[in-house]
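Structural features, examined
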Amino acid sequence: MKILMDERGKKYLMKEDREFQSDLGIIKKEQMERATIGDTIITHLNKEFKVIKPTVNDFIDLMDRRCSILVQKDIGTVLAHTGLGAGDRVIDAGTGAGAIALNFGNVVGSEGKVFTYEIREDSASVAQKNIDDFGIKNIQVKNQDIKEGIDESEIDLIFLDLPKPYEIFEDVYKTLRLGGWLAVYAPYIDQAEVAYRVAKKLGFKDLDILETLERGLEVRQQGTRPKTRMVGHTGYLVFARKL
């Protein structure tokens with residue numbers, strides 16, 4: 001997979017089997033077919049496009065969504081807090097467009113595996129296409145309700161983005177390997193609180209509820225200061241470990 005980046009920094013998914021058109025000009029099909037990563041392509045308007053290898057974040061920015069997705073600050077917190085690594089096995093429920101499943105697959109690598117459950121057929125189809133387009137082979141999309149049963153066992157991380165995730169915590173506990181993590185995304189504090197209490201009652205350890213806020217800095221000639229706008233509340237993350 002390759003992407004194009006124009007002089008403004010705007011990125012485009014690169015489709016090599018067709019001519020590319022934008023307000024900065026046309027790139028012929030023959031140019032697209034010959035292009036390799038690191039090349040610079042010139043349009044008929046003499047504008048430059050760079051051919052680059054996309055990261056998972058580049059791809060997620062450009063992929064078909066049709067729904068809201070978890071933002072990088074929350075995904076990063078899940079990866080860092082649980083210590084997910086190469087070769088791990090992950091279950092993700094509430095696939096949506098597949099953003100966090102793609103991150104999981106990218107981290108666990110070719111020897112790991114991600115099983116992502118999505119109850120809606122249309123969302124599962126979108127996620128499957130996105131995963132195929134990114135070219136990752138270690139993610140299995142399952143168009144089924146995880147509340148009807150979990151097929152896998154000895155899982156390192158189970159991530160739930162569901163309205164009432166605590167309803168399946170007993171199954172989650174049985175499915176996790178010893179030392180495995182449960183992570184829950186909850187937009188509202190009520191959901192997070194109930195998830196925490198249920199997990200504690202079932203014997204989970206290392207319980208925590210986190211909220212990550214992201215504020216950038218702006219560098220100006222007159223000085224450097226926090227940006228007025230920030231990525232504030234998106235959701236709460238509940239963590240619990242089987243020990």
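Please read all numbers here as calculations on a predicted model, not as lab measurements.

What counts as what
- For every chain, the first residue of its written sequence is number 1, and the numbers climb from 1 along that sequence.
- This being a predicted model, a pLDDT of at least 70 is required before a residue's local features are given, and a value of 80 or more before pairs of side-chain atoms are given or counted; all residues contribute to the totals for chains, interfaces and linings.
- Excluding hydrogens and water, the side-chain figures rest on all heavy atoms present in the structure.
- Only DSSP runs of H or I reaching four residues or more are called helices, and only runs of E reaching two or more are called strands; each is numbered from the N terminus.
- The contact rule is simple, with two residues in contact once any of their heavy atoms fall within 4.5 Å.
- Here, strands pair whenever DSSP counts at least two bridges between them.
- Fitting a line to C-alpha atoms yields each axis, with helices limited to the stretch in contact; the angle taken between N-to-C directions then spans 0 to 180 degrees.
- Here a cavity means grid points, on a 1 Å grid over the protein atoms only, where a 1.4 Å probe fits yet cannot get out; a pocket means an open set of points with protein on both sides within 12 Å along at least five of seven lines; lining residues are those with an atom within 4 Å of a point.
- Grid points are joined across faces, edges and corners, and a volume is the space filled by probe spheres set on the points.
- Each residue is assigned to one class: nonpolar for Ala, Val, Leu, Ile, Met, Phe, Trp, Tyr, Cys and Pro, charged for Asp, Glu, Lys and Arg, and polar for all the others, Gly among them.

1. Observations regarding the side chain of Asp 6
Note that Asp 6 resides in the loop between strand 1 (3-5) and strand 2 (11-13). Beyond its immediate chain neighbours, meaning those up to four positions away, Asp 6 contacts Tyr 12, Leu 24, Glu 48 and Phe 49.

2. Brief notes about the sheet that holds strand 5 (residues 40-42)
Pairing is antiparallel in the open sheet, where four strands are placed in the order 2-1-6-5. A single partner strand is all that each edge strand has here, and the edge strands are strand 2 and strand 5. Going across the sheet, the axis of each strand differs from the next one's by a mean of 30 degrees, ignoring polarity. Sheet analysis places strand 1 next to strand 6 (residues 48-52), joined by three bridges and oriented antiparallel. Bridging across to strand 6, Met 5 finds its partner in Lys 50.

3. Some remarks on the layout of surface pockets
Put simply, the largest pocket is a space of about 640 Å³. Lining the largest pocket are 33 residues, with Gly 94, Thr 95, Gly 96, Glu 118 and Asp 161 positioned closest to its centre. Breaking the lining of the largest pocket down by element, the ones donating at least two residues are helix 4 (99-108) and helix 5 (121-134). Top element by residues in the lining of the largest pocket is helix 5. It accounts for three residues. Class assignment for the residues of the lining of the largest pocket results in 16 nonpolar, eight polar and nine charged. Here the second largest pocket defines a volume of roughly 200 Å³. Every residue lining the second largest pocket is listed: Met 1, Lys 2, Leu 13, Met 14, Lys 15, Phe 59, Leu 62, Met 63, Asp 64, Lys 129, Asn 130 and Asp 133.

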